[in-house]
Amino acid sequence: MSGPKMKFVFPRVLTERPFHYCPGCHHGIVHRLLAEVLEELELRERAYGVASIGCACFLYYYFDIDICEAPHGRACAAATGAKRARPELAVFTYQGDGDFAAIGLNESLQAAARGERITAIMINNTVYGMTGGQLSPTTLPGQRTTTTPEGRDPRMYGYPLKVAEILAQFPGVAYCARVAVNSPRRVLEARQALRQAFLAQLEDRGFGYVEVLSACPVNWKLDPVSANKKVDELTQTFPLKIFRTWEGL
Amino acid sequence: MSPRVHVSFPERCKGCGLCVHFCPKEVLALSTKRNSQGYRIVGLKAPENCTGCGICYLMCPDVVLEVK
Amino acid sequence: MKTLLVKGSEAIALGALAADCRCYFGYPITPQNEIPELMARELPKRGGVFLQAESELAAVNMLLGAASTGVRAMTSSSSPGISLMAETFSYLAALELPAVIVNVSRGGPGLGGIEASQGDYFQATRGAGHGDYHFLVLSPASIQEAYELTARAFSLAEKYRQPALILTDALLGQMKEPLRLRRLRFPRYPVEDWALTGARGRPGRTLRSLFLGPGELRARNLLLQRKYQAMRREARAEILYAEGAELVVTAFGSLSRIVREAVEMAREKGYPVAFLRPITLFPFPDRPYRKLAEGGQPFLVVELNCGQMVEDVRLAVCGRSRVESLALPPSDLPAPEDIYRRIRRCLAQR
């Protein structure tokens, strides 16, 4: 793994407020990685985060940067407005799969199609976490949720939406990757992907997208270690890969 | 002194056990001590085995541990 | 000073540019297309941002993002598009963002029509979205006023750090009149202490509306209500011939031009009729109504909808005198004579 000698200390960009996330929730790991990347790229003083509606709606409690709340699903539109208004800002959105790919799918795809110079982070845990584990666009066939008690039936709800694969088709997208954080090596890869997704913006290449497969122990009804393991199963439906990058083009 | 693991922010720990699970040298274990949230805090079972690899830091969802 | 022959929609766009509007986000919908089209031509020349969004919903959220960074920003649409923006209107108010929104109304409900209508009065003045909030609402009755009120809206929005809405309709939006491009010097207010401009040399800032702590949301609501109270001093109305009037005829926006003509006809025939035109719809100018009502004068409220502003007039008059309603469902426009005849009937009832 390239990149600076890893230091394992509390990132300064994070505030001291403990995360509210459930024990074993991967949001916390992604928050730390995001903080490390913001620190490494020296973006704290020009970062503009868009907090979406979902488990991560409290993003502003955890990052000592400027953060704006956007209505459910509209983060990519708000981010577009902010970036166009002040291009010097490093604008990113931090959304769940419901926010990004259900209610906000049009805003997300259109921002990507326009090649907005923003960085979009989608946490894919296959459920609506904050509201108690309902069906989401990335719920697996057969997966039980509080609104698919008998398991997601493709006859009724179709199949999981593969967002990274979709966005990879857009010329406006400069970087598109799906990663996971359920093993040390994958955590390092995820950090590298986040870094590239910001460089896509900072080097004016285009839209940067990172999808993070993420454990949701409480709504998956698993203990943290088992939930962490289960993410491996998700990778069969959602392969981990850099789908698109400007490097080496 | 090469870097070692420290339970720097016990108040942030939720006893999820990921660090314990991933530590290759079984340095860590959930202690019986609880923080103000009522969670069992991670403890150092065999600190002398720590090689400073940082895996526990990488896997912790709450930035409880530091390796320095 | 240059004078142009322009449509109301163009005058609104020119007013925004006169106020140094830096960002415009919009979406095509009749009868307001001249606004985005003019902005598409003019904003880039001035180093500003024009962007056509994928929907009105996206446009108003782009507005939210831009306004959150402290720049002057605007969107415009027409009735159905404004409905699509409603949820985010509530967020704009809750985040205390000085954004400017324009509604060139068309006939409703549903797809309705593309001609004049005042059927969005309640939507504009009661807040189209959820929760206790209001927009500052200004309603022009001429091309010149459309130009000036739009520029003023940016200043008022910044002054109170609240969104402002220009409410007009297809009649004013699509008709042409000479516009004197006067230099407008409405005050600007500092944004540095709240805008999200990047945490350089300061801690990170947050613009949010979620307040779950005990008493927090109550405090937020009281803060907004204090603003709306303070805004009352911005209430504006045009009052003519009040002295010795036996009837006060009141109407707002483009329709008030036809009503004014009917009033003039009545006065030429010796009937002492006053004319009262609210310019701000929120805050509603209740003081002139109350003052005239204390003299016992009855009111005739004329509007191009099924009766909306009449309720605010009744609230202001509070039973002190009679309030009659000439509610004309959109979009057939009355002739002055039609209103004149109703004025005569009201006077006969004294």
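So, how was this worked out
Residues numbered from 1 in each chain as written. Chains lettered and ligands numbered in written order. Predicted model: local features only at pLDDT ≥ 70, side-chain atom pairs only at ≥ 80, totals over all residues. Heavy atoms only, no water. Domains from an automatic or database assignment. Contact = heavy atoms within 4.5 Å. Buried area = accessible area lost by both parts, 1.4 Å probe. Salt bridge = Lys/Arg side-chain N within 4 Å of Asp/Glu carboxyl O. Polar contact = N/O pair within 3.5 Å; in protein donor to acceptor, adjacent residues only side chain to side chain. 1 Å grid on protein atoms, 1.4 Å probe; cavity = no way out; pocket = protein on both sides within 12 Å on 5 of 7 lines; lining within 4 Å. Points joined across faces, edges and corners; volume = space filled by probe spheres on them. Helix = DSSP H or I, 4+ residues; strand = E, 2+ residues; numbered from the N terminus. Nonpolar A, V, L, I, M, F, W, Y, C, P; charged D, E, K, R; others polar. Core = buried A, V, L, I, M, F, W, Y, C linked by side-chain atoms within 4.5 Å. Buried < 20%, exposed > 50% of the residue type's maximum accessible area, 1.4 Å probe, protein only. Pairing = 2+ DSSP bridges. Axes fitted to C-alpha atoms, helices over the stretch in contact; angles between N-to-C directions.

Residues and elements named next belong to chain C. Here chain C is partitioned into domain 1 (3-186 + 211-233) and domain 2 (236-348). On a C-alpha basis, the centres of domain 1 and domain 2 stand 26 Å from each other. Contact residues are listed per partner, giving 33 residues for domain 1 and 27 residues for domain 2. Summing both sides of the interface, domain 1 and domain 2 together bury roughly 2600 Å²; the carbon and sulfur share of this comes to 53%. Summed over the three residues of domain 1 that lose the most area to domain 2, namely Gln 118, Tyr 121 and Arg 232, the buried surface amounts to 28% of that side. In this assembly, domain 1 and domain 2 are joined by four salt bridges. A salt bridge links Asp 312 to Arg 126; its shortest N-O distance comes to 2.6 Å. Inspection of the domain 1/domain 2 interface yields 18 residue pairs in polar contact (both at pLDDT 80 or more).

Moving on: the layout of surface pockets. With a probe scaled to a water molecule rolled over the atoms, the places where space remains empty come into view. Estimated volume of the largest pocket: approximately 680 Å³. If you go around the largest pocket, you meet 38 residues; those closest to its centre are A:Ile53, A:Glu69, C:Tyr91, C:Ser209 and C:Leu210. Listed by contribution, the elements that provide at least two residues to the lining of the largest pocket are strand 3 (90-96), helix 4 (97-103) and strand 5 (127-128) of chain A together with helix 5 (86-94) and helix 9 (216-231) of chain C. Residues that form the lining of the largest pocket fall into these classes: 18 nonpolar, 15 polar and five charged. Each pocket or cavity is described by its volume, and for the second largest pocket that value is around 400 Å³. Lining the second largest pocket are 18 residues, with C:Leu14, C:Leu17, C:Ala18, C:Ala19 and C:Tyr147 sitting closest to its centre. For the lining of the second largest pocket, the secondary-structure elements that each account for two or more residues are helix 1 (8-18) and helix 7 (143-160) of chain C. The element that contributes the greatest number of residues to the lining of the second largest pocket is helix 1 of chain C, accounting for three residues. Its residues placed into classes, the lining of the second largest pocket shows ten nonpolar, no polar and eight charged.

At the interface, 31 residues of chain A touch 23 residues of chain B. Summing both sides of the interface, chain A and chain B together bury roughly 2100 Å²; the carbon and sulfur share of this comes to 68%. For the interface between chain A and chain B, the tally reads eleven residue pairs in polar contact (both at pLDDT 80 or more). Listed by contribution, the elements that provide at least two residues to the side of chain A that touches chain B are helix 1 (27-40), helix 8 (184-202) and helix 10 (224-237) of chain A.

Of the residues lining the interface, 34 residues belong to chain A; the matching set on chain C comes to 38 residues. Summing both partners gives a buried area of about 2700 Å² for chain A against chain C, and 57% of it is carried by carbon and sulfur. For the pair chain A and chain C, the number of links is two salt bridges. Across the salt bridge formed by C:Glu54 and A:Arg114, the nearest N and O atoms sit 2.9 Å from each other. At the boundary of chain A and chain C, one finds 19 residue pairs in polar contact (both at pLDDT 80 or more). When contributions to the side of chain A that touches chain C are tallied by element, the ones reaching two or more residues are strand 1 (47-51), helix 2 (59-62), strand 2 (66-69), helix 3 (75-85) and helix 5 (105-113) of chain A. Among the elements that take part in the side of chain A that touches chain C, helix 3 of chain A stands out by supplying seven residues, more than any other. Of the residues assigned to the side of chain A that touches chain C, the class counts are 17 nonpolar, five polar and twelve charged.

Moving on, we get to the nonpolar core. Within soluble globular proteins, side chains that are nonpolar generally end up buried alongside one another. With 126 residues, the main nonpolar core has A:Leu167, A:Tyr209, C:Met74 and C:Phe299 as its most contacted residues. In terms of residue count, the dominant contributor to this core is helix 7 of chain C (ten residues). Counting 70 residues, the second largest nonpolar core, distinct from the first, contains A:Ala174, A:Val212, B:Cys23 and B:Val64.

What follows covers the pattern of salt bridges. Residues and elements named next belong to chain A. Per the stated rule, a full pass over the model turns up 45 salt bridges over all chains. The residue Asp 204 makes a salt bridge to Arg 117 at a minimum N-O spacing of 2.7 Å. Here Arg 117 lies in the loop between helix 5 and strand 4 (119-124) and Asp 204 lies in the loop between helix 8 and strand 8 (207-213), a separation of 87 residues in the sequence. Judged by its relative accessible area of 27%, Arg 117 falls in the partly exposed class. The salt bridge involving Asp 232 is made with Lys 229; its shortest N-O contact spans 2.7 Å. Taken together, the residues span about one helical turn, with Asp 232 and Lys 229 both in helix 10 at a distance of three residues. Look at Asp 232 and you get partly exposed, because its relative accessible area is 25%. Salt bridges linked by common partners bring Arg 32, Glu 36, Glu 40, Arg 191 and Arg 195 together as one network.

Looking now at unusual backbone geometry. C:Pro31 follows C:Thr30 through a cis peptide bond whose omega is 10 degrees. Tracing the backbone through its elements, the reader meets C:Pro31 in the loop between strand 2 (23-26) and helix 2 (34-42). The omega angle of the peptide bond from C:Pro330 to C:Ser331 is 5 degrees, so this bond is cis rather than trans. Positionally, C:Ser331 belongs in the loop between strand 15 (323-327) and helix 13 (336-348). The phi dihedral of A:Glu42 falls on the positive side, at around 50 degrees, and the residue is not glycine. Looking at the element boundaries, A:Glu42 is found in the loop between helix 1 and strand 1. The exposed category is assigned to A:Glu42, whose relative accessible area is 68%.

A few words on the sheet that holds strand 7 (residues 164-169) of chain C. All names here are of chain C. Reading across from one edge, 3-2-4-5-7-6-13 is the order of the seven strands in this open sheet, with mixed pairing throughout. Looking along the sheet, the strands with just one partner apiece sit at the ends: strand 3 (49-52) and strand 13 (280-282). Adjacent strand axes in the sheet meet at a mean angle of 20 degrees, parallel and antiparallel pairs treated alike. Where strand 2 meets strand 4 (residues 73-77), four bridges bridge the pair, whose relative direction is parallel. The residue bridging Cys 23 from the neighbouring strand is Ala 73, located in strand 4.

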